[in-house]
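An overview of the molecular structure
Each chain is listed here by its residues.
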Amino acid sequence: MALEKGPYIGDVTALCFAALPSRVVLAGTGAQLDCYNLETGARYFPSVHVFDGIRVHGIVAAAAESSALPPAIVAVHGEGKAKLFRLSTEALEPWQCVPRFSKWILDVQIFTKDDGHNVVLAIGLSDNTVCLWDTSSKKIVSNFHCPERCLLYSMRLCGDSIQSLQVAAGTIYNEVLVWGGKGSTCEAKIVHRLCGHEGSIYRITWSTDGCFLGSVSDDRSARIWNLQTKAVIVLFGHTARVWDLHIDAKMFITASEDCTCGVWSLSGELLRTLKGHTGRGIWRCIFDRQLSMLVTAGADSSIKLYSLSERALIPTTAKEMVMYRIDTGKNDGFLDSRSEYVRCLCFEGPSSLFIATNQGLLQRASLLPSGDVKQVSILQTPERSPLVCLDIFKEQLVTPEGCPSKEVLVACGDGQGRATVLGITSEGQIAWQSTWIAEAERQLLGAFWCKSLGSRFVFTTDPKGGVRCWAMNGETSEGPRHLAYFKSSLSSRIVCMDASLEKQVLVCGDQKGSLLFFHFDSILFEMEDPAVVEELDSFRGAHGISAVANVSISEFSNEGTKTISTGRDGCVCEVFYQRGQLSSVLSCHRVEKIAAITVLESVLCLSGSKRRIGLGFSAADFVLWDITNEVELKRISCGGWKRPHSSFVGELPETQFCFAFVKEQTICICRNWDDSDDSSPLQALQKQSHGREVHSILFFPDTDWLFSGSEDGRVQISRYAQEDLTVFASLEEHVGGSAVRALALSTRVYNSKTEASGIDDMQHAVLFSAGAKEVLTCWELFDKPEQISARWLSTHSTFSKKSGVNKDDLRYMALTVFAVESDGVPVYFVVAAMSNAILTVKAFDSSSKTWSRIAVLQHHKCPVLTLHHAVLPCFSQGTLANRFFVFSGCTDGSIAVWDLTNSVASFTVGEREKAQGLRPLSGRGSQGGKARRRLNHQRHPSQQQILKDPQSSPDLSQDAAVLSPVLVLSCCHQSGVNSLYVCATSSSTLSIVSGGDDQSLHFSVLSMQEGAGSTIRVLSRQNVANAHSSAVKGVWSDSEWIFSTGLDQRVRCWQIAQDNQLTRSCTCIIDVPETESIDAHRSSDFSLGRSSYRIAVAGRGVQVLNLAVIAVRKNSTRECGSFAMTPS
């Protein structure tokens, strides 16, 4: 029986190109090595574990010069170890292992001798020496010593042979020493002493010809040293430390802690800033001149490819910006309602822009290849009435000669309530025109085409939330027929829409962040008089009180019609609408926050590369963001989203992009459109994961799905399948990006009165996360075949109340959750530990989305770092009922036990009805609307299901009971209790295992006495001293095994004997440094008498381990499923 290490997701600390025979990339992630095909992006073979608990710091590959050797030789080093591998398309086979050095290995270089039949490995050490390892004799044959012996931070070897070997060493004195040896002797001399850095030198690189040397430093700069002329080029532009540097014949490339890569000219000018990584920075960058391919890897576990063609060497300047001024008449700088200025902009394509002005002028501006702009006036409204709205639709036509032709349809409206539709030919001439009175004066605010409906229908909107549908009568001047008036009950202006005749639905987004659904089918076309259509359903506050920017009907499934909306709250909202015979069902399945964009205009799904591109604004800049690869593509300073603007994006946004905006009565057009550019879009060989420490990790019960919460404020879903750990999705970030300190998962709903045990109910699986700014967020989980989807339910926070900010800077430290049924509705009781040593018990009503504080647990004088709960069936007054216990571990080394049974019962019976009378704030974020208020009208049932709680929601209860613990286990640890796990061993006994800063494990067994009150007896206590050689950070237990992990980078397995004594069974060195959390789940095969455990460890990364156990206790309470334990 032994622990088997599985894959690791974490920092990628080494990169290298190799040939097999096509170009591949070797990447070191933790202690494992991966090989990726650059053409397909797939792995050649599964990950190979190189070291035990030691990161891969460097990789060097060399092609064999003799047929007697393998196609490629790979040398890998980390700390004081180095290994040689044979690389082929089938596998990475171990070849030789160099004995461990007492000093760290900083670099290695592969040389061949004896006409290429033998390999010598040059090894550079941190004491400024170089050793030569001969693979034929398997021993060190020579040593080189620098005349100046000192400790190093970095070293780089250069040379085509041992005789020409040169060494560049970055010393602890912030200088670079260049020295070399004489053949196989120990003689060496210092050739160059390079000074200038003001911080530690992290990495050194050579040019291919050995004439230039580059170094990066703690002083946020990179320096290029010309060893022949002694000239120095300083590259300064990063906002944090620089980790890596590449020297190319035409440019320099730097990688920094600020998560950017800088592309510099040979003169030191910054040409490009490449973004895409998150977290602690980009560790490595390599560049291949033949492929024009840049590969970067960072702390977020992602490996990304950038195409750097010759265009990358052209600085981004104002040459791409074409500017022209519209003649505004006699304006003297003071504008009024009659002045001439631009009201609307709309791109027809990459070379044509339509302009609508305040004096009713419609123009078409053609962007010529020469850089000039050709303006043509198309329409002038009567009485110079202002054009207030504009929309364009391109229709594919077939001429009488059978040739395809595109006609541009322009829909616009003026201040007199007139709507106009124009057919514009490719030559810019008006083919036909139709004008009619759509609304009263100043009541026409919008004119829209629905792309899915083609040119058959035009929609107009009024200020009261009404939408009129008009059927076009072909290419005639006759006005269209008024089909229907869609009336909104919210009385807010409609700003976007989409429709589907197939699903008979019209979806509208209004100015106050709500989505409305109307019935829309062909029956409307047959009516003589316009029909008045009431809304079928509405989703209030889908985007807070921020306007909905775009809405589109995406697809149809068994769950209903999928609608995706974007809003000026920076979020993407995914809603499913399903209409039944009696009622409709409206459910929000996902809310995605695009962190880089605060005002999200739209999301484009590129058909060619399957990428998602977000278009929006961040402060005063327009941002083009690659959502799939999480990288910024464009950023244009334009003054913000409130001014007229328009954008147009092609299949390759990097080189096919147009943006126009108005600034100081000037229309500025930024156009970068190159159909001939052979640049490939950004790709990711390895998906992005957490960029910072992972504080909590959980398994979804009886599955291989993992939930992790990190310091970067994100909750992430991963899956372990086929010996591979893959990032599946990332849930919405916490408020303000606050760190996720704890996760809790509830998959079982209990009855507080009569049922003896909980019932697993995956339909009510809810994930809760606790943040560092007193933020609680919960998601409803859906276990579907081959995937798990999450629907955001609510966010509760107190730090942004109107009474002021949180002066005490309180934060949540730990979390545990259990669910109790009340009138057929699950109520989730959330116990959270705050940094002021107070524990609060909150109840979340899943039907009304309200939070209520029902109790405060006061005893601890020091902060609580871990929580857990247990639910036990007990007889009380002849009735079998559940009792709810919570366990808290404090930094003073004590563990307290709390009985919440009475508080739970009183809330589910009486207090919940009072809380239901209060309405949660609608919407999201700080834009959640007004304070709470009583419900004055009956809401639609579907509205109740999806009504969303704000991120700043007050507790609905005024008073909360103050509880004291029923038992305190003192002196469990000499210092803080870092982790705690509770397991039911029988119907009346519980086992508690905890780990602390004192490196020990504490194991207690408690007996719960039946009857009234909370009578608890301690049956046994055991303390395992020195369970780990450092602080114990995570524990997990069932009735047979205990798994623990600590800062010593070990996972230890402890077997629980019949007399409740612990015996250490096995230990495994893991690849996760700075471990924070552990979780496990068990699967058993009783027919074979076997069981296996899947163990997940989190810290600076995530790793999964496997444990196979031969003997299985048949009376295991875990297998009976009688008791539920939810890890904190």
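Residues numbered from 1 in each chain as written. Predicted model: local features only at pLDDT ≥ 70, side-chain atom pairs only at ≥ 80, totals over all residues. Heavy atoms only, no water.

**Remarks on the overall build of the protein**
- The helix and strand inventory of the protein stands at 4 helices and 88 strands.
- When each of the 1128 residues of the protein is scored for burial, the buried share is 60%.
- Within the protein, residue pairs in contact and separated by at least 24 positions form 52% of the contacts whose partners lie at least 6 positions apart.
- Accessible surface for the protein amounts to roughly 44,300 Å². Of this, 48% is attributable to carbon and sulfur atoms. (Helix = DSSP H or I, 4+ residues; strand = E, 2+ residues; numbered from the N terminus. Buried < 20%, exposed > 50% of the residue type's maximum accessible area, 1.4 Å probe, protein only. Contact = heavy atoms within 4.5 Å. Areas by Shrake-Rupley, 256 points an atom, 1.4 Å probe, with all protein chains shown as cover.)

**Thoughts on the pattern of salt bridges**
- Applying the stated rule across the entire model yields 34 salt bridges.
- Lysine 5 is the salt-bridge partner of aspartate 1071, the closest N and O atoms lying 3.4 Å from each other. Taken as a pair, aspartate 1071 in the loop between strand E85 (1062-1069) and strand E86 (1077-1085) and lysine 5 in strand E1 (residues 3-9) lie far apart in primary sequence, 1066 residues in all.
- Here arginine 364 and glutamate 348 are joined by a salt bridge, their closest N and O atoms 2.9 Å apart. Highlighted residues: arginine 364 in strand E32 (residues 361-367) and glutamate 348 in strand E30 (residues 342-349), separated in sequence by 16 residues.
- One connected set of salt bridges, linked through shared partners, spans Asp11, Arg55, Arg280, Glu693, Glu1074 and Arg1100. (Salt bridge = Lys/Arg side-chain N within 4 Å of Asp/Glu carboxyl O.)

**Notes on the sheet that holds strand E44 (residues 515-519)**
- The 8 strands lie next to each other as E38-E39-E40-E41-E45-E44-E43-E42, forming an open sheet whose pairing is mixed. Only two strands of the sheet have a single partner each, and these edge strands are strand E38 (446-448) and strand E42 (494-500). Adjacent strand axes in the sheet meet at a mean angle of 25°, parallel and antiparallel pairs treated alike.
- Where strand E41 (residues 481-487) lies against strand E45 (residues 531-539), 4 bridges are found, and the strand directions are parallel. Across the sheet, alanine 484 pairs through a bridge with alanine 531, a residue of E45. (Pairing = 2+ DSSP bridges. Axes fitted to C-alpha atoms, helices over the stretch in contact; angles between N-to-C directions.)

**A closer look at the state of the cysteines**
- A complete count under the given rule lists 0 disulfides for this structure.
- With no disulfide partner, cysteine 261 has as its closest neighbouring cysteine sulfur the one in cysteine 285, 5.0 Å distant.
- The exposure class of cysteine 261 is buried, given its relative accessible area of 1%.
- Cysteine 972 takes part in no disulfide bond, and the closest cysteine sulfur to it belongs to cysteine 971, at a distance of 7.9 Å. (Disulfide = S-S within 2.5 Å.)

**Some remarks on the sheet that holds strand E4 (residues 32-37)**
- Taken together, the 4 strands give an open sheet; going across it, the order is E2-E3-E4-E5, and neighbouring strands pair in antiparallel fashion. Taken across any chain shown, the strands that pair with only one partner, and hence form the sheet edges, are strand E2 (12-19) and strand E5 (48-49).
- Where strand E3 (residues 23-29) meets E4, 6 bridges bridge the pair, whose relative direction is antiparallel. Counted as the bridge partner of valine 24 is asparagine 37 from E4.

**Description of the environment of serine 339**
- Positionally, serine 339 belongs in the loop between strand E29 (321-325) and E30.
- Take serine 339: its relative accessible area is 5%, and that puts it in the buried class.

**Some details on the side chain of asparagine 358**
- With respect to the helices and strands, the residue asparagine 358 is situated in the loop between strand E31 (352-357) and E32.
- Taking the relative accessible area as the measure of exposure, asparagine 358 reaches 2% and is therefore buried.
- A distance of 2.8 Å separates polar atoms of two side chains, one belonging to asparagine 358 and the other to arginine 343.
- Not counting chain neighbours up to four residues away, the residues in contact with asparagine 358 comprise Asp336, Ser337, Arg338, Ser339, Glu340, Tyr341, Arg343, Arg384, Ser385 and Pro386. (Polar contact = N/O pair within 3.5 Å; in protein donor to acceptor, adjacent residues only side chain to side chain.)

**What to know about unusual backbone geometry**
- Even without being a glycine, asparagine 128 presents a positive backbone phi close to 70°.
- You can see asparagine 128 is positioned in the loop between strand E11 (118-125) and strand E12 (129-134).
- Look at asparagine 128 and you get buried, because its relative accessible area is 0%.

**Description of the packing of aromatic side chains**
- Following the criterion strictly, the structure yields 29 aromatic pairs and no others.
- Their ring planes at 55° and their centres at 6.1 Å tell us that phenylalanine 459 and phenylalanine 520 sit as a pair that is tilted. Of the two residues, phenylalanine 459 is situated in strand E39 (residues 457-461) and phenylalanine 520 in the loop between E44 and helix H1 (523-526); the sequence distance between them amounts to 61 residues.
- Take phenylalanine 520: its relative accessible area is 0%, and that puts it in the buried class.
- Put simply, the rings of Phe457, Phe459, Phe486, Phe518 and Phe520 pair up and form one aromatic cluster. (Phe/Tyr/Trp six-rings, centres within 6.5 Å; stacked < 30°, edge-to-face > 60°.)

**Some details on empty space enclosed by the protein**
- Counted according to the given criterion, the structure contains 3 cavities of 30 Å³ or more.
- The space that makes up the largest cavity amounts to roughly 70 Å³.
- Ile9, Gly10, His690, Arg1100 and Gly1101 are the residues nearest the centre of the largest cavity, which is lined by 14 residues in total.
- A breakdown of the residues in the lining of the largest cavity according to their chemical character gives 4 nonpolar, 5 polar and 5 charged. (1 Å grid on protein atoms, 1.4 Å probe; cavity = no way out; pocket = protein on both sides within 12 Å on 5 of 7 lines; lining within 4 Å. Points joined across faces, edges and corners; volume = space filled by probe spheres on them. Nonpolar A, V, L, I, M, F, W, Y, C, P; charged D, E, K, R; others polar.)

**Here we look at the pairing of strand E63 (residues 740-746)**
- Among the 7 residues in E63, 6 count as buried, and that is most of the element.
- Strand direction decides the pairing type here: E63 and strand E66 (residues 766-771), joined by 6 bridges, are antiparallel. Of the residues in E66, the one forming a bridge with alanine 742 is alanine 770.

**With respect to the environment of glycine 1034**
- Tracing the backbone shows glycine 1034 in strand E82 (residues 1032-1037).
- Exposure remark for glycine 1034: the relative accessible area of 3% places this residue in the buried category.
- Along the chain, glycine 1034 and tyrosine 981 lie 53 residues apart, while their C-alpha atoms are 8.9 Å from each other.
- In this view, glycine 1034 contacts Ser979, Phe1043, Ser1044, Thr1045 and Ile1078; residues no more than four positions away in its chain are not counted.

**Things to note about the environment of phenylalanine 525**
- Relative to the assigned elements, phenylalanine 525 resides in helix H1.
- Among the residues examined, phenylalanine 525 registers a relative accessible area of 23% and is labelled partly exposed.
- The sequence separation of phenylalanine 525 and leucine 483 amounts to 42 residues, and the corresponding C-alpha distance is 6.3 Å.
- Among all residues touching phenylalanine 525, those that are not within four sequence positions of it are Phe457, Arg481, Leu483 and Leu501.

**Examining a nonpolar patch on the surface**
- Taken together, the side chains of Leu151, Tyr153, Ile172 and Tyr173 present a nonpolar region at the surface, about 420 Å² in accessible area.
- Structurally, the position occupied by leucine 151 is in the loop between strand E13 (139-145) and strand E14 (152-158).
- The class of leucine 151 is partly exposed, set by a relative accessible area of 47%. (Patch = residues over 30% accessible without salt bridge, like charges linked within 9 Å, V, L, I, M, F, W, Y side chains within 5 Å.)

**Brief notes about the confidence of the model for the protein**
- With 83% of its residues at a pLDDT of 70 or more, the protein has an overall mean of 83.
- The model gives residues 317-321 a pLDDT under 50, and that stretch makes 7 contacts with residues more than four places away or in other chains.
- This stretch, residues 754-762, has a pLDDT under 50; its non-local contacts, to residues over four places away or in other chains, come to 25 contacts. (pLDDT = per-residue confidence, 0-100.)

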